[in-house]
Amino acid sequence: MLKRSHRVRTALAVVAAVVVGAAGCDGGDGSAPRPEGTKARAARPPVWDRSPESIAAVGDSITRGFDACTVLSDCPEASWATGSDARVDSLAVRLLGAAGAAEHSWNYAVTGARMADLPEQMEQAASHAPDLVTVMVGGNDACRSSASAMTSVAEFRADFEEAMGTLRSAQPKTQVYVSSVPDLKRLWSEGRTNMLGKQVWKLGICPSMLADADDLTGAAMLRRDSVQRRVVEYNKVLEDVCAKDRRCRFDDNAVYHYRFGTGQLSHWDWFHPSKDGQAQLAEIAYRRITARNP
């Protein structure tokens, strides 16, 4: 009997210890116990700031507003990225307001620039420590004297990676918005309906695509298709390189897929964006930059 009573008391003590231990684990509030070794984590701030307070633009003639105001001339006030023209309502004005855009936006794009020129432009942009850099370049890499003279995809990639490295070495936290290269073949298709535009094209605007604009022979169409394929390859490079940088957003080919009509083309050359076309580019960029998710 004594041995049996001892065993009963021992069992009751064990049960009591388990109950007390369980009560201690849940802190008395009824919540599930936290796994051993874990700690509560504070919410991490988002990497992408949807309200940047300064902007620098790099790229080519489109970002310089070429032919948006007068023939064969830059018109930076009509730039989709940093312009002041009210009809365009540029990205800088939308994000910073007119006064803020005037003081805290810079345009280092150069008409005729190719991807090889981007590292130098990035260095200039980085000197202002901007919150955001916009990139629109690649059209001139495809718009060469002939299809065979186009920048190779490998060179295009190496130059873009160098440009991003140049920015990152100076400004690790600056955000980057990368626009896709426009659909050059669509611009040819739309612009060739205008006789004046085709005369301006003969001055040397994008000859790989626009030369002999009314030539619809198999050879001419094959040439234009090869240019178009290269543009698609460039856009894949832009997407891939940007995806490796957590502070970079590609436009998901929004500019490439935009259905530009004659209203969005310059009435001086029927190839570059008009002020309305610049406004559409600003809208595409603004939506992408201010989106909650990329």
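Since the structure is predicted, the reported quantities are computational estimates derived from the model, not experimental observations.

Once that is clear, we can look at the nonpolar core. Core analysis: the largest hydrophobic core is formed by 66 residues, its most contacted members being Trp-80, Leu-118, Met-122, Val-135, Val-178, Leu-184 and Phe-271. Per-element accounting of this core gives the leading share, 7 residues, to helix α9 (residues 218-243). The residues touching Leu-118, leaving out its near neighbours within four places in the chain, are Val-58, Gly-59, Val-135, Val-137, Phe-160 and Ala-163.

A cluster of nonpolar residues, Val-71, Leu-72, Leu-203 and Trp-268, forms a patch on the protein surface that exposes about 370 Å² of accessible area. If you trace the backbone, Val-71 turns up in the loop between β1 (55-59) and α2 (91-104).

We now examine the state of the cysteines. If you walk through the whole model with that rule in mind, you get 3 disulfides. The disulfide partner of Cys-69 is Cys-75, and the gap between their sulfur atoms is 1.9 Å. Residues Cys-69 and Cys-75 are joined through a disulfide that is left-handed, its torsion about the S-S bond being -55 degrees. On the basis of relative accessible area, Cys-69 is assigned to the partly exposed category, the value being 24%. The class of Cys-75 is buried, set by a relative accessible area of 2%. Cys-143 shares a disulfide with Cys-206; S-S distance 2.0 Å.

Taken together, the 5 strands give an open sheet; going across it, the order is β2-β1-β3-β4-β5, and neighbouring strands pair in parallel fashion. Every interior strand has two partners, whereas the edge strands, β2 (105-107) and β5 (248-250), have only one. Pairwise comparison of adjacent strand axes, ignoring direction, gives a mean angle of 15 degrees for this sheet. Here 5 bridges tie β1 to strand β3 (residues 132-136), and the two strands are oriented parallel to one another. Opposite Gly-59, over in β3, you have Met-136 as the bridge partner. Contacting β1 and β3, helix α3 (residues 118-126) crosses the sheet at an angle of about 165 degrees to β1.

Definitions and cut-offs
Residues numbered from 1 in each chain as written. Predicted model: local features only at pLDDT ≥ 70, side-chain atom pairs only at ≥ 80, totals over all residues. Heavy atoms only, no water. Core = buried A, V, L, I, M, F, W, Y, C linked by side-chain atoms within 4.5 Å. Buried < 20%, exposed > 50% of the residue type's maximum accessible area, 1.4 Å probe, protein only. Helix = DSSP H or I, 4+ residues; strand = E, 2+ residues; numbered from the N terminus. Contact = heavy atoms within 4.5 Å. Patch = residues over 30% accessible without salt bridge, like charges linked within 9 Å, V, L, I, M, F, W, Y side chains within 5 Å. Areas by Shrake-Rupley, 256 points an atom, 1.4 Å probe, with all protein chains shown as cover. Salt bridge = Lys/Arg side-chain N within 4 Å of Asp/Glu carboxyl O. Disulfide = S-S within 2.5 Å. Pairing = 2+ DSSP bridges. Axes fitted to C-alpha atoms, helices over the stretch in contact; angles between N-to-C directions.

Fair warning: the whole summary comes from geometry, so function is off the table for now.
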